[in-house]
Amino acid sequence: ETQNGLALGYRITGDEWRILGKELKAELWVRNSGTGAVRIRPSPRSDVGLRMFLRRETGVRGAKEVEQESGIFAGPSPVLAEQRLLPPGHALKVKEVPIRLFWPANDVSGATGHFFAIDPGAYSFRAELELPGFSSTSEGGKQAVAAAGEWKGKLTTRSRDVMVLA
């Protein structure tokens, strides 16, 4: 879904979508298909501005689909990032985050990055990225917000069908 010339896409690398399998990596890319350069400031932290979802159809006619948002543990990197200029026709990798899959009964206290506690089955995956993705208060009490001319808003990826294996 494109907003003001910007679109969010992703690439998933790693093992299969397997519960307790090897960690997957999600790369998120912002593409500028507009006519002018855009200033963005994505946070380098995987817990800031990024939401990921797995949606499962129940298989029962008329029944509501079940959607789960990933859990996440905060990373150690700083919230603020440098402002980037994204020229028209270019794309920029804004995040690379790990994804782990667990059984619902697993203890996930040692997990890093994004994780889902789910059962095997067919799901659709999507992600949302809010830019700049942060608001924070400095030591002096000043609110840190997007700079003048910086793009602000939420981008959403298309859904992708995935099969989660046991």
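Remember, it's a predicted structure, so these values are computed and weren't measured experimentally.

> Quick rundown of the overall build of the protein chain? Include the residues and the values.
The secondary structure content of the protein chain amounts to zero helices and 14 strands. Counting from the amino terminus, helix and strand elements in the protein chain follow one another as β-β-β-β-β-β-β-β-β-β-β-β-β-β. Counting only residues that meet the buried cut, the protein chain has 39% of its 166 residues in that class. Across the protein chain, every contact between residues at least 6 apart in sequence was considered, and the portion connecting residues at least 24 apart equals 75%. Accessible area of the protein chain: about 9,300 Å², with a carbon and sulfur share of 49%.

> Please provide a residue-by-residue account of the environment of Glu16, values included.
Secondary-structure assignment places Glu16 in the loop between strand 1 (6-14) and strand 2 (24-32). Of the residues examined, Glu16 reaches a relative accessible area of 39% and is grouped as partly exposed. Measuring from C-alpha to C-alpha, the distance between Glu16 and Val162 comes to 9.3 Å, with 146 residues separating the pair along the chain. Excluding its chain neighbours within four sequence positions, the residues that come into contact with Glu16 are Leu24 and Leu165. A polar contact is formed between the side chain of Glu16 and the side chain of Arg18, at a distance of 2.7 Å.

> Please provide a residue-by-residue account of the environment of Thr2, values included.
Along the chain, the position of Thr2 falls in the segment before strand 1. When its relative accessible area of 46% is taken as the criterion, Thr2 is described as partly exposed. Here the alpha-carbon distance between Thr2 and Thr156, two residues 154 residues apart in the chain, equals 8.4 Å.

> I'd like a description of the pattern of salt bridges, backed by residues and values.
Under the definition given, this model contains 11 salt bridges. Between Lys93 and Glu96 there is a salt bridge, with the nearest N and O atoms lying 2.8 Å from each other. A residue is classified by how much of its surface remains accessible, and Lys93, at 35% relative accessible area, is partly exposed.

> Residue-level account of the environment of Ala7, with values.
Its location among the elements puts Ala7 in strand 1. Residues within four places of Ala7 in sequence aside, it is in contact with Glu1, Thr2, Trp29, Val30, Arg31 and Leu155.

> If you had to explain the nonpolar core to someone new, which residues and values would you point to?
Among the nonpolar cores identified, the biggest contains 31 residues, and Trp17, Val30, Ile40, Met52 and Ile99 are the most heavily contacted of them. Counting residues per element, the ones that place at least two in this core are strand 1, strand 2, strand 3 (38-40), strand 4 (50-56), strand 8 (91-102), strand 10 (121-131) and strand 14 (160-164).

> Describe the packing of aromatic side chains, naming the residues involved and giving the relevant values.
Per the counting criterion, the structure on display carries three aromatic pairs. Pairing Phe102 with Phe115 gives two aromatic rings, centres 6.1 Å apart and planes at 80°, and the pair type is edge-to-face. Of this pair, Phe102 sits in strand 8 while Phe115 sits in strand 9 (residues 113-117), placing them 13 residues apart in sequence. Look at Phe115 and you get buried, because its relative accessible area is 11%. Of the aromatic side chains, those joined through ring pairs into one cluster are Tyr10, Trp17 and Phe125. The positively charged end of Arg126 is found above the aromatic ring belonging to Phe53, 4.0 Å away from the centroid.

> Hey, could you go over the side chain of Asn32 for me, with residue numbers and the actual values?
In this fold, Asn32 is placed in strand 2. At a separation of 2.9 Å, a polar atom in the side chain of Asn32 contacts the main-chain carbonyl oxygen of Leu86. Residues within four places of Asn32 in sequence aside, it is in contact with Gly5, Leu6, Ala37, Val38, Leu86, Pro87, Pro88, Gly89 and His90.

> Outline the side chain of His114, supporting the account with residue identities and numerical values.
Turning to its location among the elements, His114 is positioned in strand 9. His114 gets classed as buried once you look at its relative accessible area, which sits at 1%. Only 2.6 Å separates the side chain of His114 from the side chain of Ser70, close enough to count as a polar contact. When near neighbours in sequence (up to four residues on either side) are disregarded, His114 contacts Ser46, Leu50, Met52, Ser70, Gly71, Ile72, Val97, Pro98, Ile99 and Arg100.

Conventions adopted
- Residues numbered from 1 in each chain as written.
- Predicted model: local features only at pLDDT ≥ 70, side-chain atom pairs only at ≥ 80, totals over all residues.
- Heavy atoms only, no water.
- Helix = DSSP H or I, 4+ residues; strand = E, 2+ residues; numbered from the N terminus.
- Buried < 20%, exposed > 50% of the residue type's maximum accessible area, 1.4 Å probe, protein only.
- Contact = heavy atoms within 4.5 Å.
- Areas by Shrake-Rupley, 256 points an atom, 1.4 Å probe, with all protein chains shown as cover.
- Polar contact = N/O pair within 3.5 Å; in protein donor to acceptor, adjacent residues only side chain to side chain.
- Salt bridge = Lys/Arg side-chain N within 4 Å of Asp/Glu carboxyl O.
- Core = buried A, V, L, I, M, F, W, Y, C linked by side-chain atoms within 4.5 Å.
- Phe/Tyr/Trp six-rings, centres within 6.5 Å; stacked < 30°, edge-to-face > 60°.
- Lys NZ or Arg CZ within 6 Å of the ring centre and 35° of its normal.

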